[in-house]
Amino acid sequence: MKLPELLCPAGDLSRLKTAVDFGADAVYLAGKEFGMRTASANFDEDALKKGIEYAHKNGVKVHVTCNTIPHNEEMKRLPEFLECINALGTDAVIASDLGTIGLVKKYAPNCELHASVQSGIVNTETAKALYDMGAKRVVLARELSLEEISEIRSDTPADLEIEAFVHGAMCVSFSARCLLSSYMTGRDANRGDCAQPCRWSYSLMEQTRQGQYFDITEDEKGTYILNANDLCMAEYLDKMADAGISSLKIEGRAKTEYYVAVTANAYRGAVDSLKDRQNGWQLPSWVKEELNKISHRTYSTGFYFGRPQNAQTYENAGYIRDYAVAAVVNGYEDGCITAVLKNKFLRGTVLDCLEAGSIPFKVSTDILYDENGVGIESAPHPMQIIKIPFEHPLKKGSMLRMKV
């Protein structure tokens, strides 16, 4: 069985390199316009050039998102952008707007066309219609079950690839097409500028009692009636592969570099474990543990097994945050790891090491030095260089974590 592609988010050049280093088969990103995540730093032409070169040098593909619903004044700038990313060697362009799709075929002929999740693809005929328009891949709507995906796979051309989300934040609106942000704040979610009003707390007010509010739940803080839980399908990768999904997409271009590293490394281990399925398959236990070490909302399986049973959290919109990065490894000398401090910790803290391509392991700090080799009782200053005795070098960029 051919393993599904692991497609990871890249909000900027640093996160692109992290995704590549920690196991991505492909990354997706945006330029300064036309992408659905304006909160990310994103890529100017120079960063995009460097990113594509770095990815291709490591055998990783680059997909550029042009998945907003642009207005006329934006469309005037799109051909030049498409010519640019085409010349830089972009592997694929992700688009949903029909006008954009037409321009992609005209101005970026060397790039594959991937039909975005914003296209709302929930049936075979739509998938085939987009294939006839030149799509190499369709990113299916999040609202589909695995059974429906399997039907689409069996009734579409064999060379049409199917991509689906495997992990990350869920949108309360259909295939992420939402009017709420634009209506309430003037920030258009369909042009990448969502204010996330689905995460806000709401109360009721009766029409004849102006100013008198009523909680929708018994909680004194109101209710988060639109707050969708995060998606996590790690335990069901075998079922996703069996349904014919070609690419497993991790949401998170606005997430941190740490999030990218953890999810890429964990899902790399999970996907690779699918190689041996003769006696059945079970998710390696360390993968599940890893996915609980990132900032996340309560996990659910979305629509993959039918109507969601654990779809929303009504008490708050907060994240579960159990781990923090203590330091990032930048070298090895005289039998010691050298690292740049990110968060204060005390000598004796047992750190958890995230190293690309490895199952996480423990690093003791019973002995701790400053950059001059002087013993210290704590590491209190951000960006401080510290040294930790260890039996062998660690890859540069490895992250030393602590439970908080």
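Right, let's walk through the structure included here. (Residues numbered from 1 in each chain as written. Predicted model: local features only at pLDDT ≥ 70, side-chain atom pairs only at ≥ 80, totals over all residues. Heavy atoms only, no water.)

1. A few points about unusual backbone geometry
For Asp334, which is not glycine, the phi dihedral falls at a positive 55 degrees. Among the structural elements, Asp334 can be located in the loop between β13 (323–333) and β14 (336–341). The class of Asp334 is exposed, set by a relative accessible area of 77%. (Helix = DSSP H or I, 4+ residues; strand = E, 2+ residues; numbered from the N terminus. Buried < 20%, exposed > 50% of the residue type's maximum accessible area, 1.4 Å probe, protein only.)

2. A look at the layout of surface pockets
Vacant regions in the atomic arrangement are exposed by a probe of water-molecule size rolled over the atoms. Estimates place the volume of the second largest pocket at around 330 Å³. Residue classes in the lining of the second largest pocket are distributed as seven nonpolar, two polar and seven charged. (1 Å grid on protein atoms, 1.4 Å probe; cavity = no way out; pocket = protein on both sides within 12 Å on 5 of 7 lines; lining within 4 Å. Points joined across faces, edges and corners; volume = space filled by probe spheres on them. Nonpolar A, V, L, I, M, F, W, Y, C, P; charged D, E, K, R; others polar.)

3. Quick word on the environment of Asp159
Residue position: Asp159 is located in the loop between α7 (146–154) and β7 (161–168). Exposure remark for Asp159: the relative accessible area of 40% places this residue in the partly exposed category. Sequence separation between Asp159 and Arg137 is 22 residues; the distance between their C-alpha atoms is 8.6 Å.

4. A word on the packing of helix α1 (residues 13–21) against helix α2 (residues 45–57)
Two elements in contact, α1 and α2, have axes separated by 10 Å at closest approach and are oriented at 10 degrees. On the basis of the axis angle, α1 is roughly parallel to α2. When α1 is examined against α2, the residues Leu13, Leu16, Lys17, Val20 and Asp21 are found in contact with a partner set consisting of Ala47, Lys50, Gly51, Tyr54 and Ala55. A breakdown of the residues in the contact of α1 with α2 according to their chemical character gives six nonpolar, one polar and three charged. (Axes fitted to C-alpha atoms, helices over the stretch in contact; angles between N-to-C directions. Parallel < 35°, antiparallel > 145°, perpendicular 65-115°, else oblique. Contact = heavy atoms within 4.5 Å.)

5. Some thoughts on the sheet that holds β13
On the basis of which strands lie adjacent, the open sheet formed by seven strands has the order β17-β16-β21-β13-β14-β20-β18 and antiparallel pairing. The outermost strands of the open sheet, each flanked by one partner alone, are β17 (361–363) and β18 (369–370). Packed onto the sheet, helix α10 (residues 257–272) meets β13, β16 (351–354) and β21 (399–403) and runs at close to 95 degrees relative to β21. (Pairing = 2+ DSSP bridges.)

6. Let's talk about the nonpolar core
Core analysis: the largest hydrophobic core is formed by 87 residues, its most contacted members being Val27, Leu29, Leu82, Val138, Leu237, Met240 and Tyr267. When residues in this core are grouped by element, the largest group, ten residues, is from α10. When sequence neighbours within four positions are dropped, the list of residues in contact with Leu237 reads Val166, Leu248, Tyr267, Ala270, Val271, Leu274 and Trp281. In this structure, Val329, Phe345, Cys353 and Leu368 belong to the second largest nonpolar core, which totals 19 residues. (Core = buried A, V, L, I, M, F, W, Y, C linked by side-chain atoms within 4.5 Å.)

Without other data, these values stay purely geometric and don't point to any function.
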